[in-house]
Amino acid sequence: MTNNAFAATVLTLYPEMFPGPIGLSLAGSALKSGLWSLKTLDIRDYATDKHRSVDDSPSGGGAGMVLRPDVVGLSIQAVLAKASSLPFLVMTPRGKPLTQSRVKALAAGSGVNILCGRFEGFDERLFEHYPLEPVSVGDYVLSGGEPAALVLLDAIVRLLPGVMGKSASAEDESFEGYLLEYPHYTRPREWEGRMIPEILHSGDHAKIAAWRQQKAEEHTRLWRPDLWEHYLASKIRKSPSGTQ
Ligand code: SAM
């Protein structure tokens with residue numbers, strides 16, 4: 001591992017789920033070559049009773065079980081004792097939605113600590129007591145934080161220096177400047193009676209760039225009206241008569 005490799009630590013009840021899919025392909029090669037490191041911490045190792053319990057029934061009644069603050073707290077403290085300056089993210093559907101700009105900021109840092117939940121989630125006092133950043137990977141409910149942590153790590157790792165090949169670039173991708181990416185095509189030129197748009201064979205780079213911009217705008221307006229609003233607002237800000 002290189003000295004300044006990005007260091008990820010995951011607190012989980014299922015350490016065997018890691019590295020899982022991010023041990024393969026781009027992220028996996030980068031892990032093997034030491035561009036980033038991954039440590040897991042089993043929350044159950046911090047249980048204090050003979051049954052190694054990590055959860056208890058919800059105060060006030062209701063379905064399911066809640067992760068205990070004392071046990072999870074000890075696991076958090078163990079991580080803070082070693083890597084206290086790193087961002088400490090908690091995977092929860094009640095968190096702030098993950099964005100590409102947050103991913104970029106994390107990838108520019110030296111590492112991340114990630115806490116994964118299970119059952120009904122965490123005792124709320126953990127969020128009050130520790131400097132945790134609640135993060136959601138989308139408006140749906142997973143059965144555990146581990147798949148969410150894998151999503152987060154995959155998004156971070158591909159942006160680390162040296163992970164993507166020289167030919168691949170993150171600059172043109174979806175969410176840059178509030179737009180989704182333009183559509184891609186490759187050979188064969190005709191498939192199932194459908195042709196690659198003629199302009200892409202024109203060799204006119206300016207025209208191709210303008211076409212791609214137009215397609216990116218159309219697609220964003222249609223599929224992501226929320227992003228489209230941001231895009232329009234950013235255009236106004238950038239225009240000479242804009243307010244900024
Ligand atoms: N009772 C919780 C609620 O309704 O908000 C859902 C708990 S979920 C079944 C169990 C765990 O999965 C959560 O503690 C969290 O770690 C993880 N999880 C589920 N959905 C998630 C999402 N959209 N983003 C991030 N983590 C999620």
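These remarks concern the structure in this document. Here the residue numbers are simple positions, counted from 1 along each chain's written sequence. With pLDDT at 70 or above as the cut-off, local features in this predicted model cover only qualifying residues; side-chain atom pairs require 80 or more to be listed or tallied, and sums for whole chains, interfaces and linings still use all residues. Based on all heavy atoms of the structure, the side-chain values leave hydrogens and waters out of the count.

### Details of the overall build of the protein
Here is the rule: Elements are defined by DSSP. Helices are runs of H or I of four residues or more, strands are runs of E of two residues or more, and each kind is numbered from the N terminus. Type-normalised accessible area, obtained with a 1.4 Å probe on protein chains alone, sets the label of each residue: buried when under 20%, exposed when over 50%, and partly exposed for intermediate values. Two residues qualify as a contact provided that any one of their heavy atoms is within 4.5 Å of a heavy atom in the partner residue. With residues, only the protein chains shown are counted as cover, and all accessible areas are computed by Shrake-Rupley using a 1.4 Å probe.
Per the secondary structure count, the protein includes 7 helices and 9 strands. Judged by the C-alpha coordinates and their principal axes, the protein covers about 70 × 45 × 40 Å. Going through the 244 residues of the protein one by one, you find that 38% of them count as buried. Counting contacts in the protein only where the partners sit at least 6 residues apart, residues at least 24 apart contribute 72% of the total. In the form shown here, the protein has an accessible surface area of approximately 14800 Å², with 54% of it arising from carbon and sulfur atoms.

### Re the environment of A155
By the element assignment, A155 lies in helix 5 (residues 145-157). Sequence-wise, A155 and Q100 are 55 residues apart; in three dimensions their C-alpha atoms are separated by 8.1 Å.

### Remarks on the site of the ligand
So the rule is basically this: Throughout, near means a residue has at least one heavy atom within 4 Å of the molecule or strand. Nitrogen and oxygen atoms within 3.5 Å of one another constitute a polar contact, given that in protein one can donate a hydrogen and the other can accept it, and given that sequence-neighbouring residues count only through two side-chain atoms.
Close to the ligand lie 20 residues, the nearest being M91, G117, G138, Y140 and L142. At 2.9 Å from a nitrogen atom of the ligand is found a main-chain nitrogen or oxygen belonging to L142. Within the backbone of G145, a nitrogen or oxygen atom sits 3.4 Å from an oxygen atom of the ligand. Within the complex, 85% of the 580 Å² of free accessible area of the ligand lies under protein. Those elements giving two or more residues to the shell around the ligand turn out to be strand 5 (88-97), strand 7 (133-136) and helix 5. Residue contributions to the shell around the ligand peak at 4 residues, all from strand 5.

### Description of the pattern of salt bridges
What counts here: A pair is scored as a salt bridge if a Lys or Arg side-chain nitrogen falls within 4 Å of a carboxyl oxygen belonging to Asp or Glu.
Summed over the entire model, instances satisfying the criterion amount to 11 salt bridges. One salt bridge in this structure joins D45 and R52, with 2.7 Å as the shortest N-O distance.

### Observations concerning the sheet that holds strand 5
The test is simple: A pair of strands is treated as paired once DSSP finds two or more bridges between them. The axes are straight lines fitted to the C-alpha atoms, using for helices just the contacting stretch, and the angles between their N-to-C directions are given from 0 to 180°.
Within the open sheet, the 5 strands sit side by side as 2-1-6-5-7. Their pairing is parallel. Unpaired on one side and paired on the other, strand 2 (36-42) and strand 7 mark the two borders of the sheet. Strand-to-strand twist across the sheet, computed as the mean angle between neighbouring axes with direction ignored, equals 35 degrees.

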